[in-house]
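# Structure at a glance
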Amino acid sequence: MENSTQVKLFYLFGLQETFNNKSIYFFLSLVTYLLIITVNLTLIITIIQVKGLHEPMYIFLCSLCVNGLYGTAGFYPKLLLDLQSDVQVISYGGCLTQTYVIYTSVLCEMSTLTVMSYDRYVAICRPLLYHTIVTSLTVRKLLLFSWCYPLFISLIALSLTARLPLCGSRIDKIFCDNPSILKHACSPITINQILNKCMILVHVLQLLFIVFSYCQIVRNCVKSTKGRIKFTQTCVPHLLTIFIFITVTLFDTLQGWNNVNITLNMRNAMAVQFLVIPPVLNPLIYGLNLQKIRRAVFRKLVIPGPLDDAIPCNTPPPPMDIEGTPAYVKPLVDS
């Protein structure tokens, strides 16, 4: 058996069944990564430059897009290199770093979605108190929470993993993750498993909070025809994206711990969904589907929208509009 000091490289066997189609997978992966960079950067730059979008909802959206770029940066460059190599290897330190980036990205995504659902709940269900509750200081605290919790808890998880002696170096995936590393541990991993289950529990609690928030939003929206239309156009896609994200992340986590009998291609297909679907769909569903951002993006691309002359980009949405905050709430940064 190998000693922990001898494990300097991990071998990634997730691409073993793709040797005959590497060029196709490389092209698809490159196009996907470029698309992720384009749509997320477009939204980030638009929100930063347009002062009319310096409102809590759009600031949280900007944070969501930054996280999308951060998480995919820990996966796609290494994947593209592996698709051009005959042997897929990664150093011990590189494996831990990739695991940390992907873990923090997943946790930050969930935390940010939870914060966004809270913002919408207050804006739509308690509009008269919105300006009192969601202040500039509150937004900063929520942003701090959505980033610091993932960074801190993932650091603890990886520290517990790094202390373990390892007896193997084979990873049957296309990227490194904690369960795959812990499978080669030569000593008990009880503490690691307990922490992992606690992290899943936090995920579930965040999901329950999101569901509660949207249930309250639905109660307010279904009271009118306009409200039902707004719910269909915005909340349903949002909830669908959250459901997909939770499903694929929990599936990947549970199959990693419980050794689910599943083909390698199917395992990899499910494992990378949270690195493909949310980074692409979040800017489209949460951003470009919103009228104010869509107009702002069109203006920056010098493509005038149909209502550009009639309604300025920084015109606040009407009260109780599910796409934004109440009309009387001022942006965090003065125009």
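Residues numbered from 1 in each chain as written. Predicted model: local features only at pLDDT ≥ 70, side-chain atom pairs only at ≥ 80, totals over all residues. Heavy atoms only, no water.

Next up on the list: the overall build of the protein chain. Counting secondary structure elements, the protein chain contains twelve helices and three strands. The 335 residues of the protein chain split such that 49% are buried. Accessible surface, the protein chain: about 15,900 Å² in total, of which carbon and sulfur atoms supply 68%. (Helix = DSSP H or I, 4+ residues; strand = E, 2+ residues; numbered from the N terminus. Buried < 20%, exposed > 50% of the residue type's maximum accessible area, 1.4 Å probe, protein only. Areas by Shrake-Rupley, 256 points an atom, 1.4 Å probe, with all protein chains shown as cover.)

Let us now look at the environment of valine 7. Relative to the helices and strands, valine 7 is located in the segment before β1 (9–12). Overall, valine 7 belongs to the buried group, its relative accessible area being 6%. In sequence terms valine 7 and proline 165 are 158 residues apart; their C-alpha atoms lie 9.1 Å from each other.

This part covers the pairing of β1. With burial as the criterion, only one face of β1 is covered, namely that bearing Phe10 and Leu12; the residues Leu9 and Tyr11 on the opposite face remain uncovered. The pairing of β1 with strand β3 (residues 170–171) spans two bridges and is classified as parallel. From the neighbouring strand, tyrosine 11 faces β3, where its bridge partner is arginine 170. (Pairing = 2+ DSSP bridges.)

Among the secondary structure elements, threonine 112 is positioned in helix α4 (residues 92–125). Judged by relative accessible area, threonine 112 falls into the buried class, the value being 1%. Apart from residues no more than four positions distant in its own chain, threonine 112 is found in contact with Phe60, Ser63, Leu64 and Ser146. (Contact = heavy atoms within 4.5 Å.)

With the rule as written, the count across this model stands at three cavities of 30 Å³ or more. In this structure, the second largest cavity spans a volume of roughly 70 Å³. As for the second largest cavity, its lining consists of Asn67, Gly68, Gly71, Thr72, Ser105, Val106, Glu109, Phe245, Phe274, Leu275 and Pro279. Counting residues per element, the ones that place at least two in the lining of the second largest cavity are α2 (56–73) and α4. Among the elements that line the lining of the second largest cavity, the one with the most residues is α2, at four residues. Here the residues of the lining of the second largest cavity sort into five nonpolar, five polar and one charged. (1 Å grid on protein atoms, 1.4 Å probe; cavity = no way out; pocket = protein on both sides within 12 Å on 5 of 7 lines; lining within 4 Å. Points joined across faces, edges and corners; volume = space filled by probe spheres on them. Nonpolar A, V, L, I, M, F, W, Y, C, P; charged D, E, K, R; others polar.)

Moving on, we come to the nonpolar core. If you look at the biggest cluster of nonpolar residues, it comprises 53 residues, and the most contacted ones within it are Ile47, Leu61, Phe75, Phe175 and Ile293. Ranked by residue count, the leading element in this core is α4, at eleven residues. In terms of nonpolar packing, the next biggest core, distinct from the first, is built from eleven residues, Leu12, Cys95, Ile171 and Cys176 among them. (Core = buried A, V, L, I, M, F, W, Y, C linked by side-chain atoms within 4.5 Å.)

Atomic detail in the predicted coordinates should be set aside for any region of low pLDDT. When pLDDT is averaged along the protein chain, the result is 80; 76% of the residues meet or exceed 70. Low pLDDT, under 50, characterises residues 327–335; the stretch is placed with 22 contacts to residues that sit more than four places away or in other chains. (pLDDT = per-residue confidence, 0-100.)

What follows covers the packing of α4 against helix α8 (residues 190–221). Closest axis-to-axis distance for the α4/α8 pair is 9 Å, and the angle between their directions is 25°. Relative to α8, α4 is oriented roughly parallel. For the pair α4 and α8, the sense of crossing is left-handed. (Axes fitted to C-alpha atoms, helices over the stretch in contact; angles between N-to-C directions. Parallel < 35°, antiparallel > 145°, perpendicular 65-115°, else oblique. Left-handed = near helix turned anticlockwise from the far one by under 90°.)

All told, the structure shown has eight aromatic pairs when counted by the stated rule. Ring geometry for phenylalanine 75 and tyrosine 76: centres 4.9 Å apart, planes at 75°, overall edge-to-face. Comparing phenylalanine 75 with tyrosine 76, the two get one shared label, buried. Both rings, one in phenylalanine 75 and one in phenylalanine 175, keep their centres 5.7 Å apart while their planes meet at 90°; by these two values the pair is edge-to-face. Of this pair, phenylalanine 75 sits in the loop between α2 and α3 (76–82) while phenylalanine 175 is found in the loop between β3 and α7 (178–182), placing the two residues 100 residues apart along the sequence. For phenylalanine 75, a relative accessible area of 2% translates into the label buried. Members of the aromatic cluster, joined through ring pairs, are Tyr33, Phe75, Tyr76 and Phe175. For arginine 170, the ring lying beneath its charged end belongs to phenylalanine 13, and the centroid distance is 3.9 Å. (Phe/Tyr/Trp six-rings, centres within 6.5 Å; stacked < 30°, edge-to-face > 60°. Lys NZ or Arg CZ within 6 Å of the ring centre and 35° of its normal.)

Within this structure, the stated rule accounts for two disulfides. In this model, cysteine 95 is linked to cysteine 176 through a disulfide, with the two sulfur atoms separated by 2.1 Å. Note on the cysteine 95 and cysteine 176 pair: the S-S dihedral is about -120°, so by sign convention the disulfide is left-handed. In this pair, cysteine 95 sits in helix α4 while cysteine 176 sits in the loop between β3 and α7, placing the two residues 81 residues apart along the sequence. Cysteine 176 shares its class with cysteine 95; the two are buried. (Disulfide = S-S within 2.5 Å.)

Here the focus is the sheet that holds β1. The sheet built from three strands is open, its strands ordered β2-β1-β3 with mixed pairing. At either margin of the open sheet sits one strand with a lone partner, and together these are β2 (89–91) and β3. Summarising the sheet, β1 and β2 pair through three bridges and their orientation is antiparallel. Bridge pairing in β2 places phenylalanine 10 opposite isoleucine 90. In the packing of α4 onto the sheet, the strands contacted are β1, β2 and β3, and the crossing angle to β2 comes to about 90°.

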